[in-house]
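Listed below, chain by chain, are the residues.
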Amino acid sequence: PEDIGLAIEYLKKAAEIPTDDQVYLKILLDRLASYSYFSGECEQAIETLQRIVSMGNPAGQSLNNLAYMMLDCNGDASGAIVYSVRALQKGPANPQYLDTHGTILLELGRYAEAEPLITQAVAIKPSASNLIHYAQLLVRTERNEQARVIIRRISTEFPQLSAKQQALVNELIDLTS
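Residues numbered from 1 in each chain as written. Predicted model: local features only at pLDDT ≥ 70, side-chain atom pairs only at ≥ 80, totals over all residues. Heavy atoms only, no water.

**Some thoughts on the overall build of the protein**
Operational definition: By definition, any uninterrupted DSSP run of H or I lasting at least four residues is a helix, any uninterrupted run of E lasting at least two residues is a strand, and each is numbered from the N terminus. To get the radius of gyration, use the C-alpha atoms; to get the globule rule, take the number of residues to the power 0.38 and multiply by 2.2 Å. The contact criterion used is simple: two residues touch if any of their non-hydrogen atoms lie within 4.5 Å. Areas reported as accessible are Shrake-Rupley estimates using a 1.4 Å probe. Residue values count occlusion only from the protein chains shown.
Secondary structure summary: the protein contains 10 helices and 0 strands in total. Starting at the N terminus and ending at the C terminus, the protein contains elements arranged as α-α-α-α-α-α-α-α-α-α. For the protein, whose C-alpha radius of gyration is 17 Å, the value lies close to the compact-globule estimate of 16 Å for 177 residues. Each of the three principal axes of the protein carries a C-alpha extent, and together these read 55 × 35 × 25 Å. Partitioning the contacts of the protein with sequence separation of at least 6, the portion at a separation of at least 24 is 52%. As displayed, the protein offers around 9,300 Å² of accessible surface, 52% of which is attributable to carbon and sulfur atoms.

The following block contains the structure:
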């Protein structure tokens, strides 16, 4: 929405209304977490996703989002891996879950475990995100020529990157030059 702050306010109010419909409440909370994250309110997003998890039987996407946000916002790979494992159990062929778990393993320095997950995510559904993570893995494992091939692929297939993604690609270009 154009006014994400207003959307967050309304979602918070809606989530406070007592309801026996747990599915409805989880959907509201999941949307609240996403909007909070995209507006820079990482802690609010993480707390909201943790609330969903505490309600029991969370969706794989909620678990994956929680893992991703814990890593992205707080650099908490050790805490995030608990949720990425659970997400992957719910959707073992989901490219987002594969990428998130692989990226967490990458951040933990567990490159041999990360590589098949990230490459599988790329094979299933290439995205700017999983290709960037693959290039990062290649750089960290000293395969700069292969990383340059992936960087060129990113530029060709995904010419419109977010500012954050472009900064990561620029960093990879510097590291492989």
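Picking up after the structure, the text goes on.
**A word on the packing of helix α2 (residues 22-38) against helix α4 (residues 60-74)**
As a reminder of what qualifies: Lines fitted to C-alpha atoms define the axes here, with helix axes fitted over just the stretch in contact, and angles between the N-to-C directions of these axes take values from 0 to 180 degrees. Angular relationships are summarised with four words: roughly parallel below 35 degrees, roughly antiparallel beyond 145, roughly perpendicular across 65 to 115, and oblique for the angles in between. Crossings are assigned a handedness: left-handed for a near helix turned anticlockwise from the far helix by less than a right angle, right-handed for a clockwise turn. Ten residue types, Ala, Val, Leu, Ile, Met, Phe, Trp, Tyr, Cys and Pro, are classed as nonpolar, four, Asp, Glu, Lys and Arg, as charged, and the remainder, Gly among them, as polar.
Where α2 contacts α4, the two axes come as close as 11 Å, and the packing angle between them is 25 degrees. The angle between the axes of α2 and α4 places the two elements in the roughly parallel class. When the axes of α2 and α4 are compared, the crossing they make is left-handed. Residues D30, A33 and Y37 of α2 touch α4, and the partners they reach there are S62, N65, Y68, M69, D72 and C73. Its residues assigned to classes, the contact of α2 with α4 comprises 5 nonpolar, 2 polar and 2 charged.

**A closer look at the pattern of salt bridges**
Side-chain pairs of opposite charge can arise whenever the charged atoms involved come near each other. Note the following rule: Here, a salt bridge means any Lys or Arg side-chain nitrogen found within 4 Å of an Asp or Glu carboxyl oxygen. Here the term buried applies to any residue with accessible area under 20% of the maximum for its type, exposed to any over 50%, and partly exposed to those in between, with areas from a 1.4 Å probe on protein chains only.
Under the criterion given, the structure shown has 7 salt bridges. Between K164 and D72 there is a salt bridge, with its nearest N and O atoms 2.4 Å apart. Here K164, found in helix α10 (residues 163-176), pairs with D72, found in helix α4; they are 92 residues apart in sequence, far enough to count as distant. When its relative accessible area of 47% is taken as the criterion, K164 is described as partly exposed. Taking relative accessible area as the criterion, D72 reaches 29% and is therefore assigned partly exposed.

**Re the environment of D76**
Take D76: it is sitting in the loop between α4 and α5 (77-90). Here the alpha-carbon distance between D76 and K125, two residues 49 residues apart in the chain, equals 26 Å.

**Thoughts on the state of the cysteines**
Heads up, the rule is: To count as a disulfide, a pair of cysteine sulfur atoms needs to be within 2.5 Å.
Applying the stated criterion across every chain, the model contains 1 disulfide. Between the sulfur atoms of C42 and its disulfide partner C73 the distance amounts to 2.2 Å. On the S-S bond that ties C42 to C73, the torsion sits near -60 degrees, and the link is left-handed. With C42 in helix α3 (residues 42-54) and C73 in helix α4, this pair connects stretches of sequence that are 31 residues apart.

**Observations concerning α4**
To keep it simple, the criterion reads: Here, expected helix span is obtained from the residue count minus one, scaled by 1.5 Å.
Under the 1.5 Å per step criterion, the end-to-end length of α4 is 21 Å for 15 residues, consistent within 8% with the ideal 21 Å. Every buried residue of α4 is listed here: G60, S62, L63, N64, N65, L66, A67, M69, M70 and L71. As for α4, its buried residues are in contact with α2, α3, α5 and α6 (95-107). A positive backbone phi angle near 65 degrees is found at G75, which sits one or two residues after α4.

**Looking at the side chain of D99**
Which entries qualify depends on this criterion: Two residue types count as positive, namely Lys and Arg, and two as negative, namely Asp and Glu; His and chain ends fall outside the count. We call two N or O atoms a polar contact when they sit within 3.5 Å, provided that within protein one can donate a hydrogen and the other can accept it, with sequence-adjacent residues counted only if both atoms are side-chain atoms.
Looking at the secondary structure, you find D99 in helix α6. The side chain of D99 sits in the buried core without any salt bridge; K164 is the nearest counter-charge, 12 Å away. There is a polar contact of 2.8 Å between the side chain of D99 and the side chain of H133. Contacts of D99, omitting those with residues within four sequence positions, involve I118, A121, S129, N130 and H133.

**Some remarks on unusual backbone geometry**
Its identity is not glycine, yet N57 carries a phi of approximately 45 degrees, on the positive side. With respect to the helices and strands, N57 occurs in the loop between α3 and α4. Classification of N57 by relative accessible area gives exposed; the value is 64%. Its identity is not glycine, yet E142 carries a phi of approximately 60 degrees, on the positive side. Relative to the helices and strands, E142 is located in the loop between α8 (128-140) and α9 (144-157). Owing to a relative accessible area of 72%, E142 belongs among the exposed residues under this scheme.

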